[in-house]
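Structural features, examined
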Amino acid sequence: MPRRSELFTEDPFYLPRYCGYLPQYKYRIGKTYGRHSVEILTDPNVSKSGRYVLTPTESHPTDSIDERRSRLRSRADSWGNQNLTEEMVPGYTGYIPKKQHYFANTYGEVCRSALSHHESEQGDIKNKQTELKKVLAMQTGSTRPNTEHDKSLLTSRYHTPLPPHRAEPDRYTSQQEFKPYGSPYFMDNGNRMKWFKSGYTGFVPRSRELISLGYPAQSNKGLSLFTDGLATREKINASATKIPLNPVVKPKKLDKSAIYPTDRGMVPHYTGYIPGYKYSIGHTYGQHTHNTLKLPPTNNRSLTVA
């Protein structure tokens, strides 16, 4: 262990700004907090606990052999990742395997236990792989069992590799093979996939008037109405009876020279004079200005510019 400098206060002592209880400290003056804490902690006449509050930061060698350290030293001798060692420094931000299973200890002890656990598992996996290769070699006849343990491994009834029964195996076809569902627009109404998930930004027909529903239920109902409409239209087109269509009404030509039209209201924001408008309330601008001159319906005239 390296020798401490004489500038440091002798152990045991408390660091300045320590907020814990220090007996008889308020009766002592004239020295630093560290010197007073040394005198109090080493004075046999002061009643205090036999254990120090602050945990020593120095690691003291023990007589027992730590198997974790010996296991991690073998890792350091390999050519693998050298970032994970037996002496991990606090503040390391990399991943430490198995660290989530260890807690309530210093960072170095937690990392040491976690890395030892990881190395133990890796060793077990490597031994199983070696044992499997040995069994395969003994079953194929390339090697012979030399020990009783090797003979106990030959518990299989058949030797590998097994001889093939057919030159070409039958093609496997899964009964639960995925099949595309198709477009929800053209599915039957009884199909359970006739809906769109939340977040779909495409057009969903007949869903605008549906409210108070979740998006999957709303899209399903709208698509069902759309499918019913298509079926009805196809049925009408296929039938022999043709439904007469309403004649197309051509829009009337507007007389642009009319100031006060009789068949419609004025356009909002019109700034000209409208007779009687200031006495009208309760309706829209177009309703108040409809047929402002109160002409009879049979007289289809408008006041035009002279």
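In the block above lies the structure referred to throughout.
The present account deals with the structure reproduced in this document.

The rules behind these values
Residues numbered from 1 in each chain as written. Predicted model: local features only at pLDDT ≥ 70, side-chain atom pairs only at ≥ 80, totals over all residues. Heavy atoms only, no water. Helix = DSSP H or I, 4+ residues; strand = E, 2+ residues; numbered from the N terminus. Buried < 20%, exposed > 50% of the residue type's maximum accessible area, 1.4 Å probe, protein only. Contact = heavy atoms within 4.5 Å. Areas by Shrake-Rupley, 256 points an atom, 1.4 Å probe, with all protein chains shown as cover. Expected span 1.5 Å × (residues − 1). Core = buried A, V, L, I, M, F, W, Y, C linked by side-chain atoms within 4.5 Å. Salt bridge = Lys/Arg side-chain N within 4 Å of Asp/Glu carboxyl O.

**Observations concerning the overall build of the protein**
- Each helix and strand counted, the protein has six helices and two strands in total.
- Written out in order from the N terminus, the α and β elements of the protein read α-α-α-α-α-β-α-β.
- Scored against the burial criterion, the 306 residues of the protein give a buried share of 21%.
- The contacts of the protein with a sequence gap of at least 6 include a subset with a gap of at least 24, amounting to 35%.
- Working note: accessible area of the protein is about 26,100 Å², and carbon and sulfur atoms make up 56% of it.

**Concerning helix α5 (residues 215-238)**
- Given a rise of 1.5 Å per residue, 24 residues ought to cover 34 Å, and the 34 Å separating the end C-alpha atoms of α5 matches this to within 8%.
- Gln218, Ser219, Gly222, Leu223, Ser224 and Thr227 are the residues of α5 that are buried.

**Side note on the nonpolar core**
- Judged by nonpolar contacts, Leu72, Leu84, Met88, Ile96, Cys111, Ala114 and Leu115 together constitute the single largest core of seven residues.
- When residues in this core are grouped by element, the largest group, three residues, is from helix α3 (residues 107-140).
- The contact partners of leucine 115, leaving out residues within four places of it in the chain, are Leu72, Leu84, Thr85, Met88, Ile96 and Pro97.
- Residues Tyr33, Ile40, Leu41 and Val46 belong to the second largest nonpolar core, which totals six residues.

**Digging into the environment of arginine 75**
- When you line up the elements, arginine 75 lands in helix α2 (residues 67-76).
- Note: C-alpha distance between arginine 75 and glutamate 119 (44 residues apart in sequence) is 8.0 Å.

**Quick word on the pattern of salt bridges**
- Within this structure, the stated rule accounts for twelve salt bridges.
- Note that arginine 28 and aspartate 43 form a salt bridge whose closest N and O atoms lie 3.9 Å from each other. Taken together, the residues span a long stretch of sequence, with arginine 28 in the segment before α1 (33-42) and aspartate 43 in the loop between α1 and α2 at a distance of 15 residues.
- On the basis of relative accessibility, which here comes to 23%, the residue arginine 28 falls in the partly exposed class.
- Arginine 166 is the partner of aspartate 170 in a salt bridge, and the nearest nitrogen-oxygen pair spans 2.4 Å.

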